[in-house]
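# Summary of structural features
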Amino acid sequence: MFKNLSKNLISFLAILLIVAALFAFTSEEFGFFQEPERISPRELSEKINNEEIAEIILVGNNIEVILEDESVMTTRKEPDISLMEFLERWGAEEEKVRALSITYEEEPDWGWLSTLLIILLPLLFLLIFFQLIIKQAKGGANSALDFSKAKARLFGEGGMPKKDVDFEDVAGLEEAKEELKEIVEFLKDPKRFDEVGAKIPKGVLLTGPPGTGKTLLARAISGEADAPFFEVSGSEFIELFVGVGSGRVRDLFQKAKSKQPCIVYIDELDAIGRKRGAGLGGGNDEREQTLNQILVELDGFDKDTKVVVLASTNRPDVLDPALLRPGRFDRKIILDSPDLKARKKILEIHTRNKPLDEDVDLQEVAERTPGFSGADLENLTNEAAILTARREKKKVSQEELLESIEKVLLGPERKSHILSKKEKEISAYHEAGHALVSSLLAETQEVRKVSIISRGQAAGYTLKMPMEEKRIKSKSEFLSEIAVLLGGYVTEKYKYKETTTGAANDLEKASKYARKLVKKYGMSSLGPISYGGEREHVFLGEEISEEKNYSEEIASKIDKEISKIIKRAEKQAAKLIKKNKDKLEELAQVLIEKETIEKEEFERIMNKA
Ligand code: ADP
Ligand code: MG
Ligand code: ZN
């Protein structure tokens, strides 16, 4: 880009120089030819009187004097008098002047040229300027004033060096990798999939907290598949000029299609993919157009298009629902913050190229960094190396690694959720409580994973098939779900005799479910009446616009019903926890030790007599 800019600058300067030179040629002051010697009018008159002059040539007001000895001199007369008057004024004798041979020559008229130049030069500059802009807007990839081209960085072919990242460089994230393998195989050998008529998802959304390796994983896919990789950040579509974003999208996909099979990776999708038409926060026409264009491009893929679009975001909740519809980004892959095992592996990856002392124990470092993301851990190993260098040591030792933990913790970009030892313990019991209640109730789905490593805002999580994914839910399912949600809260109360703020999210959800049960689904003693049409408008936020179409009397009945449901669920959960306190203890201990429990181990603990 800069190379191009400087090239333009150079040609511009060259033109300027030529014009200046032209001026110099025509101007008298900067005469290009050597000017003859000057002679003063008085001297000339004297020489005339002494008959030393052979010839005088008058060109306009310029007097060229040729002496007897053939040397040439010049002078000028005033414009409005004749030569005779001029010479006499300076003392030349009349008859001596008459005796001279005088030639009158027409003055070459440069006037028209300078007039022309004055008119044409600005025009010329304007022309050159526009030409530059037009040329760059039309063709010439990534040039300086190129607005509508996507700034996608293409790895692999030409330009950028190939990214040599593959799945080996990504620690943990086993589930995500497993899901992505299919895409890798498709990119490697699309024909095989074609032949059996298999369609591969064209849009895959990677979500997860910052620094968990979304970008890294996307690059690893292209490395694994050995396919061209177009990387572009969502924010790069947003520009000052309306229409540029959508133009860039069009251009990006066009480029990609010419290189298929390949990967298009849109980082930070939320920058453009936010819900459209939301009055809050100011609408942005440009963003909507860009988003629309992405949707158009995704819909325009036919079965022969071998472009896989990956996108990443840490705010899947703000994405426009249209993006998540089938045929678009319908495959969602969630990246977790690393657990103990993954953290150790990440540390191993990032200390590979650093000389380590024998006393280094990465297990210990991993144990002391719950809540660190992959990026944090990379930062940690780097800090340790810096410390080592500053201490003029040759090898990184455990001391530096442990010191760096604090450095990263206190660092300016420290994100939230780092668990202290006590918090870790409380989280372990809380999550064990959820999982226990969930597995003991018939109506809930099986527990797939329990973890105390924060995902999003919740301190930990118990992974089941989420309730939201079922289309039709029964009352007993709702009640069980509420009991499970209260499982964490109840366990904290049981174990510590008091509760923490960690349950806030659960309580909010449980209350919402209970409210819906009563008001929307007619599942309480109030009967099959829908109270308060919940309008799901983004316009003013769902909650705000809820209209109240019932009396105060009903309102208090609703509140009573809700609290009845919640109380009953709490009692149910508490009973289950108390009855299975041994299992609770075991689950919690394993969680404290390993931070995650996979399905198999969970079932083993639950099935013990
Ligand atoms: P995100 O895009 O999710 O915000 P990145 O992919 O940019 O995070 O991760 C930042 C850096 O952290 C990566 O370059 C990598 O060095 C390191 N990192 C993150 N997760 C992992 C992981 N699972 N394995 C190895 N390194 C990781
Ligand atoms: Mg990223
Ligand atoms: Zn909880």
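Predicted model only: the values in this text are computed from it and were never measured.

### A closer look at the overall build of the protein chain
Along the backbone of the protein chain there are 20 helices and 14 strands. In the protein chain, which comprises 609 residues, the share counted as buried stands at 43%. For the protein chain, the exposed surface amounts to about 34000 Å²; the carbon and sulfur share of it is 55%.

### Some details on the sheet that holds strand S4 (residues 72-76)
The strand order S1-S4-S3-S2-S5 describes an open sheet built from five strands, whose pairing is mixed. In this open sheet, the two edge strands, each paired with only one partner strand, are strand S1 (37-38) and strand S5 (102-105). Pairing of strand S3 (residues 62-67) with S4, which is carried by five bridges, proceeds in the antiparallel orientation. Among the inter-strand pairings, Val65 is bridged to a residue of S4, identified as Met73. Its contacts with the sheet place helix H2 (residues 41-49) against strand S2 (53-59), S3 and S4, and it is angled at close to 135° to S2.

### Considering the site of ligand 1
As a structural note, the neighbourhood of ligand 1 is formed by 16 residues, with Ala171, Gly211, Lys214, Thr215 and Glu378 the closest of them. Take Gly211: an N or O atom from its main chain is 2.8 Å from an oxygen atom of ligand 1. One of the side-chain nitrogen or oxygen atoms of His350 is found 3.0 Å away from a nitrogen atom of ligand 1. Compared with its free state, where it exposes 560 Å², ligand 1 has 82% of that area covered by protein. Those elements giving two or more residues to the shell around ligand 1 turn out to be helix H8 (214-225), helix H11 (340-351) and helix H13 (374-390). Residues from two domains meet in the shell around ligand 1; each of domain 3 (153-276 + 285-334) and domain 4 (344-410) gives at least three.

### Some words on the coordination of the zinc ion (ligand 3)
Looking at the zinc ion (ligand 3), one finds its protein donor set to be His430 (NE2), His434 (NE2) and Asp506 (OD), positioned 2.0 to 2.1 Å from the metal centre. For the zinc ion (ligand 3), the donor residues sit on a single chain with the sequence spacing H-x3-H-x71-D. Of this pair, His430 and His434 both sit in helix H15 (residues 421-440), four residues apart, which is roughly one turn of the helix.

### Details of the pairing of S3
As defined by bridge partners, S2 adjoins S3 across six bridges and the pair is classed as antiparallel. What sits directly across from Ile57, in S3, is Glu64. Counted along the chain from S2 to the antiparallel partner S3, the turn is two residues long, and its residue Gly60 has a positive phi close to 60°.

### Notes on unusual backbone geometry
Positive phi, close to 60°, is recorded for Asp226, a residue that is not glycine. Summarising the element assignment, Asp226 is placed in the loop between H8 and strand S8 (229-233).

### A few points about a nonpolar patch on the surface
Together, Trp112, Leu116, Ile118, Ile119, Leu120 and Leu123 line one region of the surface with nonpolar side chains, adding up to about 640 Å² of accessible area. As for its position among the elements, Leu120 is in helix H5 (residues 111-138). A relative accessible area of 43% means that Leu120 is categorised as partly exposed.

### Observations regarding a negative patch on the surface
There is a patch of like negative charges on the surface, built from Glu358, Asp359, Asp361, Glu367 and Glu593. The residue Asp359 is located in the loop between H11 and helix H12 (362-367) in this model.

### Observations regarding the nonpolar core
Ranked by size, the top nonpolar core spans 48 residues in total, and within it Val437, Ile482, Ile558, Leu587 and Phe602 carry the most contacts. Where this core is concerned, the elements lending two or more residues are H15, helix H16 (475-496), helix H17 (504-519), helix H18 (552-579), helix H19 (581-594) and helix H20 (599-607). Looking at which element gives the most residues to this core, the answer is H18, with 10 residues. Formed by 27 residues, the second largest nonpolar core is a distinct cluster that contains Val170, Leu206, Ala218 and Ile221.

### Some points on the pattern of salt bridges
Close approach of charged atoms lets side chains of opposite charge pair. This model, assessed by the stated rule, comprises 28 salt bridges. Here Lys96 and Glu51 are joined by a salt bridge, their closest N and O atoms 3.8 Å apart. Placement of Lys96 in helix H4 (residues 94-99) and of Glu51 in the loop between H2 and S2 is noted, with a sequence separation of 45 residues between them. With a shortest N-O distance of 3.3 Å, Glu182 and Arg331 are connected by a salt bridge. In this pair, Glu182 is assigned in helix H6 (residues 174-188) and Arg331 in strand S11 (residues 331-334), connecting sequence segments 149 residues apart. Judged by relative accessible area, which is 33%, Glu182 ranks as partly exposed. Taken together, the salt bridges that share partners define one network made up of Arg391, Lys393, Glu399, Glu400 and Glu403.

The rules behind these values
Residue numbers here run from 1 along each chain, matching the order of that chain's written sequence. Lettering of chains starts at A and numbering of ligands starts at 1, both following the order in which they are written. Local features in this predicted model are restricted to residues whose pLDDT is 70 or higher, and side-chain atom pairs enter the listing and the counts only when it is 80 or higher, whereas totals over whole chains, interfaces and linings include all residues. For the side-chain quantities, the full set of heavy atoms in the structure was used; hydrogens and water were omitted. Starting at the N terminus, helices and strands are each numbered in turn, a helix being any DSSP run of H or I of at least four residues and a strand any DSSP run of E of at least two. Note on exposure labels: buried denotes an accessible area under 20% of the residue type's maximum, exposed denotes more than 50%, and partly exposed covers the range between, all computed with a 1.4 Å probe on protein chains only. The Shrake-Rupley method, run with a 1.4 Å probe sphere, supplies the accessible areas, and residue values consider only the shown protein chains as cover. Only strands that DSSP links by at least two bridges are regarded as paired with each other. Contacts are assigned to residue pairs that have any heavy atoms within 4.5 Å of one another. Axis angles are defined between N-to-C directions and span 0 to 180 degrees, where every axis is a line fitted to C-alpha atoms and, for a helix, only to the segment in contact. Throughout this document, a residue counts as near a molecule or strand when at least one of its heavy atoms sits within 4 Å of that molecule or strand. Between N or O atoms, a polar contact is any pair within 3.5 Å; within protein, one atom must be a potential hydrogen donor and the other a potential acceptor, and residues adjacent in sequence are included only when both atoms are from side chains. Residue ranges for the domains trace back to a domain assignment, done automatically or taken from a database. Water is not among the atoms examined, so metal sites may look incomplete; donors are the N, O and S atoms within 2.8 Å of the metal, or within 3.2 Å for Na, K and Ca. Patch criteria: residues need more than 30% relative accessible area and no salt bridge. Like-charged residues are merged within 9 Å; nonpolar side chains of Val, Leu, Ile, Met, Phe, Trp and Tyr are merged within 5 Å. The salt bridge criterion pairs a side-chain nitrogen of Lys or Arg with a carboxyl oxygen of Asp or Glu, the two atoms within 4 Å. Residues scored as charged are limited to Lys and Arg (positive) and Asp and Glu (negative), so that His and the chain ends carry no count. Charge positions come from single atoms, namely NZ of Lys, CZ of Arg, CG of Asp or CD of Glu. Side-chain atoms within 4.5 Å link the members of a nonpolar core, which is a set of buried Ala, Val, Leu, Ile, Met, Phe, Trp, Tyr and Cys residues.

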